[in-house]
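So the chains spell out like this:
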Amino acid sequence: MVTREDAPAEYEGVWRFTAPASDASVPQARHAVRDLLERQGVPVHDDLAQGLLLIVSELVTNVVRHAALLSPELAVEVAIGKEWIRVSVEDNHPYRPKALERNYARTGGRGLLLVREITAEAGGVCDVEHTTSGGKVVRVALPLAGPPLTSPRPGPSAL
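Nothing here was measured: the structure is a model prediction, and the numbers come from that model. (Residues numbered from 1 in each chain as written. Predicted model: local features only at pLDDT ≥ 70, side-chain atom pairs only at ≥ 80, totals over all residues. Heavy atoms only, no water.)

**Student:** Would you mind going over the environment of Arg65 with me for this structure?
**Tutor:** The topology assignment puts Arg65 in helix 2 (residues 46-66). For Arg65, a relative accessible area of 64% translates into the label exposed. Taking the C-alpha atoms as reference points, Arg65 and Ser22, 43 residues apart in sequence, are found 8.4 Å from one another. (Helix = DSSP H or I, 4+ residues; strand = E, 2+ residues; numbered from the N terminus. Buried < 20%, exposed > 50% of the residue type's maximum accessible area, 1.4 Å probe, protein only.)

This is the structure:
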């Protein structure tokens, strides 16, 4: 017997979409995830939502900049549970991304560091796995009731 406490929340589910590995897909992916959160009525505080949208932007940007040659298409998956939200970005490029060390003199190359810091600040986890097709998927899971994001600070990560 399923009780009301055991029943899934109305906002729970898994959504997946694909897009070309092009610059236009970065804002499209961010807007699609934002619209999904609003449409489903996910109880996410604004700081966490903004952090999640920045993570989506950074992960899709990485595919566009570093994997498009071998992966002309990418996939974004959003899975929402009662207490967490997970976003995954998948491509067909075989190499794992490398989180570069902090170098404030550089003007780029800090996207994965930012993803790691936002994830750690929110009390979440991130990981990279190879897919059966030979590509990779980067997953970030954040607790819905996690601490509010304030300023990014370094934390442990699998990236």
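**Student:** Explain the side chain of Ser57 here, please?
**Tutor:** Structurally, Ser57 can be placed in helix 2. When neighbours within four sequence positions are excluded, Ser57 is seen to be in contact with Val26 and Arg30. (Contact = heavy atoms within 4.5 Å.)

**Student:** Explain helix 3 (residues 111-121) here, please?
**Tutor:** Owing to its 3.6 residues per turn, the α-helix aligns residues three or four sequence positions apart on the same side. Within helix 3, nine of the eleven residues are buried, leaving the element largely enclosed by the surrounding structure. Listed as buried for helix 3 are Gly111, Leu112, Leu113, Val115, Arg116, Glu117, Ile118, Thr119 and Glu121. Against the buried residues of helix 3 lie helix 2, strand 4 (125-130) and strand 5 (136-143). Gly123, located one to two residues past helix 3, shows a positive phi value of around 80°.

**Student:** Teacher, can you tell me more about the pairing of strand 4 here?
**Tutor:** Put simply, side chains in a regular strand alternate between the two faces of the sheet. The pairing of strand 4 with strand 5 spans six bridges and is classified as antiparallel. Within the sheet, the bridge partner assigned to Val125 lies in strand 5 and is Ala141. Connecting the antiparallel pair strand 4 and strand 5 is a turn made up of five residues, with Gly134 showing a positive phi of about 100°. (Pairing = 2+ DSSP bridges.)

**Student:** Which parts of the structure should I look at to understand the packing of helix 1 (residues 25-40) against helix 2?
**Tutor:** Any two packed helices are characterised by the angle at which their axes cross and by the distance between the axes. It is the contact of helix 1 with helix 2, at a shortest axis distance of 9 Å, that shows an interaxial angle of 150°. Relative to helix 2, the element helix 1 is oriented roughly antiparallel. Pair helix 1 / helix 2 crosses with right-handed handedness. Residues Ser25, Val26, Ala29, Arg30, Val33, Arg34 and Leu37 of helix 1 form the contact with helix 2, whose participating residues are Ala49, Leu52, Leu53, Val56, Ser57, Val60, Thr61 and Val64. Residues belonging to the contact of helix 1 with helix 2 are distributed by class as follows: ten nonpolar, three polar and two charged. (Axes fitted to C-alpha atoms, helices over the stretch in contact; angles between N-to-C directions. Parallel < 35°, antiparallel > 145°, perpendicular 65-115°, else oblique. Left-handed = near helix turned anticlockwise from the far one by under 90°. Nonpolar A, V, L, I, M, F, W, Y, C, P; charged D, E, K, R; others polar.)

**Student:** Please explain the side chain of His93 as it appears in this structure.
**Tutor:** Assignment of secondary structure puts His93 in the loop between strand 3 (84-91) and helix 3. One polar contact links the side chain of His93 to the main-chain amide nitrogen of Tyr95, over a distance of 3.2 Å. When neighbours within four sequence positions are excluded, His93 is seen to be in contact with His66, Ala67, Leu70, Ser71, Gly134, Gly135 and Lys136. (Polar contact = N/O pair within 3.5 Å; in protein donor to acceptor, adjacent residues only side chain to side chain.)

**Student:** Mind showing me how you'd approach the pairing of strand 3 here?
**Tutor:** One ladder, built from six bridges, connects strand 2 (residues 73-80) with strand 3; its direction is antiparallel. Residue pairing for strand 3: Ala75 is matched across the bridge by Glu90. Hairpin remark: strand 2 followed by strand 3, antiparallel, with three residues in the connecting loop. Two elements, strand 3 and strand 5, share eight bridges in a ladder whose sense is antiparallel.

In short, geometric facts, not functional conclusions.
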